[in-house]
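Chain by chain, the residues:
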Amino acid sequence: MSTIDNLPPLREVIARHDLRAKKQLGQNFLLDLNLTAKIARQAGDMTQCDVLEIGPGPGGLTRGLLAEGARHVLAIEKDARALPALQEIADRYPGRLTVIHGDALQIDPLAHLTPPIRIAANLPYNVGTELLIRWLTPPDWPPFWQSLTLMFQKEVAERIVAAPGGKAYGRLALLAQWRADARIVMTLPPEAFVPAPKVHSAVVQMTALPAPRYPADPGVLSQVTAAAFNQRRKMLRASLRGLHPQIESLLDLAGIPPTARAEEIDLERFCALARAVQEARQAH
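Residues numbered from 1 in each chain as written. Predicted model: local features only at pLDDT ≥ 70, side-chain atom pairs only at ≥ 80, totals over all residues. Heavy atoms only, no water.

Q: Give a detailed account of the overall build of the chain, specifying residues and quantitative values.
A: Assigned secondary structure in the chain consists of eleven helices and nine strands. Counting only C-alpha atoms and orienting by the principal axes, one finds that the chain spans roughly 65 × 40 × 30 Å. In the chain, which comprises 284 residues, the proportion classed as buried is 51%. In the chain, of all internal contacts separated by at least 6 residues, the share reaching a separation of at least 24 is 70%. For the chain, the exposed area adds up to about 13,000 Å²; of that, 50% sits on carbon and sulfur atoms. Positive and negative charge centroids in the chain, built from 32 and 28 side chains respectively, lie 5 Å apart. (Helix = DSSP H or I, 4+ residues; strand = E, 2+ residues; numbered from the N terminus. Buried < 20%, exposed > 50% of the residue type's maximum accessible area, 1.4 Å probe, protein only. Contact = heavy atoms within 4.5 Å. Areas by Shrake-Rupley, 256 points an atom, 1.4 Å probe, with all protein chains shown as cover. Lys, Arg positive; Asp, Glu negative; His and termini not counted. Charge placed at Lys NZ, Arg CZ, Asp CG, Glu CD.)

Below, the structure is given as structure tokens:
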């Protein structure tokens, strides 16, 4: 029996609708409804919030979000095979679940959501990082969302919360920690999923800060961090040469030694460098 509502167990739903996971869609289904409810609880009190979910599949997390009291859930699903199963959940929770069939990278969810908004998802592996960077780098801040509760491969989750100096530290850590508090709140073994992936997974909770920790233009900071970590073994003066012809002078302005490598530089100095690059470009 299902443990969170009166709908059928997920294994039965998957069998009835022939919802075998597709590798090309990055699908790995989490079937334990106690676990999906636990993940939903990590999103906090949702009774006064709309929740955006990407890639609900057969609806395990969707059911958890609704059972835990989400005011309204907008689920964006690319796989048409999952729509009948999601419709059954919508029928069980009248007026509280909207399902859109389409690509989350192409759909503006704000037309269907009422603030305050939280995002909670077991993100498909093939679009998860791209969506996260979009949510972290809008031109204006605060963003449309209050918090992100997202499942990734554990390696990606560790990159989001990493500190300077380690192999995991990079662009994701900088962009996430610039404008949000980020922490890993759960880890899950491969056998929790069907099919079992080859890696562990982890749930990351990110809460939007009222303002960025340090001033910087999001577009310039994104450029600087992408260039810096694209060639992380090189000294920054070499990897950033394409950003500005006087990059060594700009590194000096930001308090960064010219021989430094990207993984040695903390968020505050990367933001200082982004400001220096932007000011130098505007001066010309």
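Back to the text.
Q: Could you give an account of the sheet that holds strand β5 (residues 117-122), naming the residues involved and the relevant values?
A: Within the open sheet, the seven strands sit side by side as β4-β3-β2-β5-β6-β9-β7. Their pairing is mixed. Of all strands in the sheet, those with a lone pairing partner are β4 (97-101) and β7 (180-188), marking the two edges. Within this sheet the neighbouring strands show an average axis-to-axis angle of 20°, counted without direction. Relative to β5, strand β2 (residues 50-54) is paired through three bridges, and the arrangement is parallel. Bridge assignment links Leu52 to a residue of β5, and that residue is Ile119. Helix-sheet contacts for helix α2 (residues 33-42) involve β6 (147-153), β7 and β9 (201-208), and the interaxial angle to β7 is about 165°. (Pairing = 2+ DSSP bridges. Axes fitted to C-alpha atoms, helices over the stretch in contact; angles between N-to-C directions.)

Q: Tell me what's going on with helix α4 (residues 83-92), and back it up with residues and numbers.
A: Owing to its 3.6 residues per turn, the α-helix aligns residues three or four sequence positions apart on the same side. Inspection of α4 places Ala85, Leu86, Ile89 and Ala90 among the buried residues, and these make up the whole buried set. An end-on view of α4 places all buried positions within 150° of arc, on one side of the element. Here the buried face of α4 lies against α1 (10-16), α3 (60-67), β3 (72-77) and β4. (Arc of directions from axis to C-beta.)

Q: Before we move on, can you summarise the pattern of salt bridges with the specific residues and values?
A: Taken as a whole and judged by the stated rule, the model has nine salt bridges. The salt bridge involving Arg71 is made with Asp50; its shortest N-O contact spans 3.0 Å. Of this pair, Arg71 sits in the loop between α3 and β3 while Asp50 sits in strand β2, and the two are 21 residues apart along the sequence. Among the residues examined, Arg71 registers a relative accessible area of 29% and is labelled partly exposed. For Asp50, a relative accessible area of 5% gives the class buried. One salt bridge connects Lys78 with Asp103, and the closest N-O pair in it is separated by 3.9 Å. Highlighted residues: Lys78 in the loop between β3 and α4 and Asp103 in the loop between β4 and β5, separated in sequence by 25 residues. Among the residues examined, Asp103 registers a relative accessible area of 24% and is labelled partly exposed. (Salt bridge = Lys/Arg side-chain N within 4 Å of Asp/Glu carboxyl O.)

Q: Describe the nonpolar core, with residues and values.
A: Grouped together as the largest cluster of nonpolar side chains are 65 residues, with contacts concentrated most on Trp135, Leu150 and Phe270. For this core, the leading source of residues is helix α11 (residues 267-283), giving nine residues. With residues up to four places along the chain from it excluded, the contact list for Trp135 reads Leu52, Ile54, Ile119, Leu123, Trp141, Pro143, Phe144, Trp145, Leu148 and Leu150. With 35 residues, the next largest nonpolar core counts Leu10, Val13, Leu31 and Met46 among its residues. (Core = buried A, V, L, I, M, F, W, Y, C linked by side-chain atoms within 4.5 Å.)

Q: Lay out empty space enclosed by the protein with the relevant residues and their values.
A: One simple way to see leftover space: roll a probe sized like a water molecule over the atoms. The tally for this structure, following the rule as stated, stands at one cavity of 30 Å³ or more. Considering only enclosed or pocket space, the largest cavity measures out at about 50 Å³ in volume. Forming the boundary of the largest cavity are Leu7, Pro8, Val13, Pro58, Arg63, Ala85, Glu88 and Ile89. No other element matches α4, which puts three residues into the lining of the largest cavity. Residue composition of the lining of the largest cavity, grouped by class: six nonpolar, no polar and two charged. (1 Å grid on protein atoms, 1.4 Å probe; cavity = no way out; pocket = protein on both sides within 12 Å on 5 of 7 lines; lining within 4 Å. Points joined across faces, edges and corners; volume = space filled by probe spheres on them. Nonpolar A, V, L, I, M, F, W, Y, C, P; charged D, E, K, R; others polar.)

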